[in-house]
Amino acid sequence: MDRKTPEQYLKEHVILPEEADKNGSYSSYELEFIKKYLGEKVPSVIDVEGQKIAQPSKQIKQDIKALDIVQLVGFGIGDREIAFPINHVQEVIKMVSYTSLPSSPPYVIGVINLRNNIVPLLDLYPLICDEFKDVEEYKFIVICSFRDFKIGVLVERITTMHKVPQKDLEWNIDAQIGASGIVMGLIKKKGKLIGIVDINKLVEIVMG
């Protein structure tokens, strides 16, 4: 199984956010997010681009299940490891200050402006473990992309790169794991189960 060490991944992919371009445009997903959490307080100078928002589909899971080898990036939250399909991880940034959203559910802790992209930040720990962590323990933000929308997931550490044969993945997991439906599959590795996070479900949680 080919792997990169966390140190290699950090050197190649972990960056600091760049200064945002204040004159850019928000996507249709971003505009819906702003309206949902900030009311109609959208600057008049912002142009809306993109198509009408469609509900996330199951296509991502279907696409992954069609692969012989699945590549994922592993991250640690508490004593749990989760993994994201590598093609949905746009980048990993160091933890930065964020703007809180008073009207948001507790697992949507706030928002950052990343190069003029509105990026909500999710704390998955209460969804996975049904309890809360101190946000100060998080060191990184995993920036995941879905169409014209980005979501940041808070993690404590980068664990490893996974290159997993399809036979070592399990998809029919409803009876095995809770995690509020955010886990769409499992990596079975040396008696350990690593949850594969469903980016579709994360979008539903934020936008639903």
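The residue count restarts for each chain, going from 1 along the sequence in the order it is written. Given that the model is predicted, a residue must reach a pLDDT of at least 70 before its local features are reported, and side-chain atom pairs must reach 80 or more before they are shown or counted; all residues, however, enter totals for whole chains, interfaces and linings. To obtain the side-chain values, all non-hydrogen atoms of the structure were included, while hydrogens and water were left out.

Looking at the overall build of the chain
Consideration 1: When its secondary structure is counted, the chain shows 5 helices and 14 strands.
Consideration 2: A simple rule labels every residue: compare its accessible area, found with a 1.4 Å probe on the protein chains alone, to the largest value its type can have, and call it buried under 20%, exposed over 50%, or partly exposed in between. Considering the chain as a whole, with its 208 residues, one finds that 49% of them fall into the buried category.
Consideration 3: We call two residues contacting when some pair of their heavy atoms lies within 4.5 Å. In the chain, the proportion of contacts linking residues at least 24 apart, taken out of those at least 6 apart, comes to 64%.
Consideration 4: Residue burial considers only the protein chains on display, and all accessible areas are found by Shrake-Rupley using a 1.4 Å probe. As presented, the chain carries roughly 10,900 Å² of accessible surface, and 48% of it is formed by carbon and sulfur atoms. Helix numbering and strand numbering both begin at the N terminus, where a helix is a DSSP run of H or I of at least 4 residues and a strand a DSSP run of E of at least 2.

Some words on the confidence of the model for the chain
Consideration 1: Counting all residues, the mean pLDDT for the chain is 76, and 74% of those residues have values of 70 or more.
Consideration 2: Taken element by element, the chain is modelled with least confidence in strand E3 (residues 48-49), mean pLDDT 32, and with most confidence in strand E10 (residues 149-155), mean pLDDT 93.
Consideration 3: Across residues 13-23, confidence stays below pLDDT 50; counting only partners more than four residues off in sequence or on other chains, it has 25 contacts.
Consideration 4: With pLDDT under 50 throughout, residues 41-57 is counted as low confidence; its partners more than four residues away or in other chains account for 31 contacts. Per-residue confidence from the predictor is given as pLDDT, running between 0 and 100.

As for the packing of aromatic side chains
Consideration 1: The rule is short: rings of Phe, Tyr and Trp, with Trp giving its six-membered ring, pair when the centres are within 6.5 Å, and they are stacked under 30 degrees, edge-to-face over 60, tilted in between. For the structure shown, the criterion picks out 4 aromatic pairs.
Consideration 2: Look at Tyr29 and Phe149: their rings are 5.6 Å apart centre to centre, the planes differ by 20°, and that puts the pair in the stacked class. Here Phe149 lies in strand E10 and Tyr29 lies in helix H2 (residues 28-38), a separation of 120 residues in the sequence.
Consideration 3: The class for Tyr29 is buried, based on a relative accessible area of 3%.

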